[in-house]
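Chains, contacts and geometry: an overview
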Amino acid sequence: MSSVSSQQQMVVIGAGVIGLVTACCLQQQGHQVLLLDGNGVGQGCSFGNAGHLATEQVFPLADPALLPKLPGFLLDPLGPLAIRPRYFLKALPFFVRFINQMRPKKRSANMQALKQLLQSAIPAWQQLLDDAGCAHLIKTDGSLLVFEQTALAQVEQVAQSYAQQGVALEVLTKAQLQSRFPGLADSVNYAIWFSEVGQTISPNLLNQALFQWFLSMGGQFLQQKVANISSRHGLAVHLEPNQMAAAQQSEATPQIIATAQLVVCAGVHSKSLLAQLGFKLPIEAERGYHLMTSPALLPVLPVASFERKMIMTPMQEGLRLAGTVEFAGTELADNWQRAERLRFHGEALWPALLNKPQLKDAKNGKAEASAALAAAGNDVSPDLSKIRPANCWSGMRPTLPDSLPVISGCDIPGLWFHLGHQHLGLTMAASSTRLLLKLMAKEPGSAQLAAPFSLKRFN
Ligand SMILES: Cc1cc2nc3c(=O)[nH]c(=O)nc-3n(C[C@H](O)[C@H](O)[C@H](O)COP(=O)(O)OP(=O)(O)OC[C@H]3O[C@@H](n4cnc5c(N)ncnc54)[C@H](O)[C@@H]3O)c2cc1C
């Protein structure tokens, strides 16, 4: 392919939910946008998330209450939080920064900043999807946080901590739960019903609908990985040569794209693109897993477990069991036993899952799991952790130590960053994009609103 360059008004790197919403909103404002992604549309972390519009999650991840629980978590490689021994030293600088963010003053400031994005998150999504003509892709029936062993006094304490932050909720007893939300296991004694939160019926359908809307407004897409960004003679993206794409592309396919404005929305992979420009981005991949099931009875809203640290979300595709955090960087192989472990928790909370062919507790039952995998038609080898069952998925949450995204410009004119939305990228995509667009348009007051999300905090 000959070296061709082209000129674009605006380029967005990354077609995850953050890049898609950004590209749609910019195109809707009348800009001509080119969206680039090396892996296609919505195939990264945004593909398989739990679909929860989790506006109640106002507390930053750096919580001092985590510290005493850490040894227990770390001794269980299939527990809610795991660090691969081979990756521990690499993640250490992140952990040091993370622990620093537990200090009360920082934690409180981070929470206020998060609340700013969460409070407007659902209205921003509703407006966007109304405009896109696909409002049916989100529902706002609330979600449940269920408790099995926790005493009522502690449940009420947890509820109070959310209520103090303005989160609408109701504490439900077992009898209330059984009449209002039939299907929950008998072991569930209490729940907090967050009445104003929501969910999408399918993250994948949502991404694809946004993409179709983007195209229908005249947006352009190129499936091509960006090798680097240069700024010496004006902003430009340099595309990585891609054999397959090259075979399909015409002679006119550009290798260098000069642009007046560039927004980086490359999730956890943004780090290397920024490093080439001399910016530090202490982003870590918090790997999570999902497992899809299809019980005869689905819950009517997302059900998260306080003790098990996982969530079940009813979707168009079935019931999605999702969660767990694993620090393993971006390169180490997935451990699919972590995904299988979700089934064990799902069955304990939602007995309708017991009627499906299943893998038992993956930690204790390799032989049983092999038989079930074989029955399900999967390729079986002795090391189950390395086999990806067809119904399982993993994704890398892009997380910064203070739990805040980067919504920021920099000293290079026209270069913007929109990334690092941790466990809440789906939730915050629309509200965070609103703030970015205000900043790009230099709206009065926007710099102040966006100050907590500036890239300067790391540079
Ligand atoms: C198990 C799990 C459950 C979750 N549940 C929820 C939930 O219920 N609610 C919620 O709000 N959030 C949830 N999240 C978090 C949410 O999924 C993420 O915050 C969000 O998807 C991040 O979106 P993104 O667009 O920044 O990243 P991504 O979706 O990863 O998109 C980044 C894109 O950039 C592309 N890219 C990277 N580098 C380049 C390059 N050099 N050139 C071109 N393209 C590039 C990638 O191919 C990718 O498509 C969950 C995450 C996980 C793992």
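These lines cover the structure that appears in this document, whether it is placed above or below. (Residues numbered from 1 in each chain as written. Predicted model: local features only at pLDDT ≥ 70, side-chain atom pairs only at ≥ 80, totals over all residues.)

Things to note about the overall build of the chain
What counts here: For the purposes of this entry, the term helix denotes a DSSP run of H or I that reaches at least four residues, the term strand denotes a run of E that reaches at least two, and both are numbered from the N terminus. Counting other C-beta atoms within 10 Å of its own, a residue is labelled buried from 20 upward, exposed at 12 or fewer, and partly exposed in the gap between, with every C-beta atom placed from the backbone.
Within the chain, the secondary structure is distributed over 14 helices and 20 strands. Within the chain, buried positions represent 47% of all 459 residues.

Some words on the site of the ligand
The line we're drawing: The rule is simple: place the C-beta atom from the backbone, and if it lies within 6 Å of a molecule or strand, the residue is near it. Either an automatic procedure or a domain database provided the assignment from which the domain bounds are taken.
Of all residues adjacent to the ligand, which total 42 residues, the nearest are Gly16, Gly44, Gly267, Gly288 and Gly425. Each of domain 1 (5–48 + 204–283 + 400–458) and domain 2 (138–198 + 288–397) accounts for three or more of the residues forming the shell around the ligand.

Thoughts on the nonpolar core
Side chains of a nonpolar character, in soluble globular proteins, are inclined to be buried together. Using the following cut-off: What makes a nonpolar core is a set of buried Ala, Val, Leu, Ile, Met, Phe, Trp, Tyr and Cys residues, with links drawn between C-beta atoms within 7 Å. Two residues form a contact once the distance between their C-beta atoms, set from the backbone, is within 7 Å.
Grouped together as the largest cluster of nonpolar side chains are 117 residues, with contacts concentrated most on Val21, Ala191, Leu210 and Val237. Residues lining this core come from more than one domain, with at least three contributed by each of domain 1 (5–48 + 204–283 + 400–458) and domain 2 (138–198 + 288–397). In contact with Ala191, other than residues within four places in its own chain, are Leu144, Leu145, Val146, Phe147, Leu172 and Leu177.

Some words on the sheet that holds strand 9 (residues 198–200)
Put simply, the test is: Between any two strands, at least two bridges found by DSSP are needed for them to pair.
Spatial ordering of the open sheet is given by 3-9-5, a layout of 3 strands whose pairing is antiparallel. The open sheet is flanked by strand 3 (52–53) and strand 5 (138–139), the only strands paired with a single partner. Across 2 bridges, the pairing between strand 3 and strand 9 is antiparallel. Bridge pairing in strand 9 links Leu53 to Gly198.

Observations regarding helix 13 (residues 425–440)
Under the convention used in this document: Fitting axes to the seven residues that end at a residue and to the seven that start at it, the angle between those axes gives the bend at that residue.
The largest bend in helix 13 comes to about 35°, at Ser431. Of all 16 residues that make up helix 13, 14 are buried, and the element is covered over most of its length. Positive phi shows up at Lys442, right after helix 13, with a value of about 55°.

What to know about the environment of Leu177
Its location among the elements puts Leu177 in helix 7 (residues 174–180). Under the C-beta neighbour-count criterion, Leu177 is labelled partly exposed, with 19 such atoms within 10 Å. As a C-alpha pair, Leu177 and Val146 span 31 residues in sequence and 9.7 Å in three-dimensional space. Residues within four places of Leu177 in sequence aside, it is in contact with Leu172, Leu184, Val188 and Ala191.

Description of unusual backbone geometry
Across residues other than glycine, the phi torsion is negative in most instances, and most of the peptide bonds are trans. Look at Ser403: it is not a glycine, yet its phi comes out positive at around 65°. Within the secondary structure, Ser403 is located in the loop between strand 18 (392–399) and strand 19 (406–408). For Lys442, which is not a glycine, the phi torsion comes out positive at approximately 55°. Along the chain, Lys442 turns up in the loop between helix 13 and helix 14 (446–450).

Section: helix 8 (residues 203–216)
The periodicity of an α-helix, 3.6 residues per turn, causes residues three or four positions apart to be oriented the same way. Here is the rule: To estimate the expected span of a helix, count its residues, drop one, and scale the result by 1.5 Å.
When the terminal C-alpha atoms of helix 8 are compared, their 20 Å separation across 14 residues agrees well with the 20 Å that a helix rising 1.5 Å per residue should span. Turning to helix 8, its buried residues number three or more, namely Pro203, Leu206, Asn207, Ala209, Leu210, Phe211, Trp213 and Phe214. Among the structural elements, helix 1 (17–28), strand 2 (33–36), helix 5 (121–132), strand 9 and helix 13 are those in contact with the buried residues of helix 8.

Some thoughts on the environment of Arg180
Tracing the backbone through its elements, the reader meets Arg180 in helix 7. C-beta crowding within 10 Å serves as the criterion here: with 13 such atoms nearby, Arg180 is assigned to the partly exposed category. Taking C-alpha positions, Arg180 is 10.0 Å from Val300, a pair spaced 120 residues apart along the chain.

Digging into the pairing of strand 17 (residues 318–327)
Buried residues dominate strand 17, accounting for 9 of its 10 residues. Relative to strand 17, strand 4 (residues 81–83) runs parallel, the two sharing 3 bridges. Across the sheet, the residue bridging to Ala82 is Glu326, located in strand 17. Here strand 14 (residues 284–293) pairs with strand 17 via 7 bridges, running antiparallel. Note that in strand 17 the partner of His290 across the bridge is Ala322. Bridge count between strand 16 (residues 310–315) and strand 17: 6 bridges; the pairing is antiparallel. Its bridge partner being in strand 17, Met312 is matched across the sheet by Leu321. What sits between strand 16 and strand 17 in their antiparallel hairpin is a turn of 2 residues.

Some details on the packing of helix 1 against helix 8
A pair of packed helices is characterised by two quantities: the angle between their axes and the separation of those axes. Under the convention used in this document: Fitted lines through C-alpha atoms serve as axes, helices being fitted only where they are in contact, and the angles separating the N-to-C directions of these axes extend from 0 to 180 degrees. Orientation labels follow simple angle bins: below 35 degrees gives roughly parallel, above 145 gives roughly antiparallel, 65 to 115 gives roughly perpendicular, and whatever is left gives oblique. Here a crossing is called left-handed whenever its near helix is offset anticlockwise from the far helix by less than a right angle, and right-handed whenever the offset is clockwise.
Running from N to C, helix 1 and helix 8 point in directions that differ by 25°, and their axes come no closer than 9 Å. Here helix 1 lies roughly parallel to helix 8, going by the angle between them. Judged by the twist between their axes, the crossing of helix 1 over helix 8 is left-handed. Counting all contacts with helix 1, which are made through Val17, Leu20, Val21, Ala23, Cys24 and Gln27, the residues of helix 8 involved are Asn207, Leu210, Phe211, Trp213 and Phe214.

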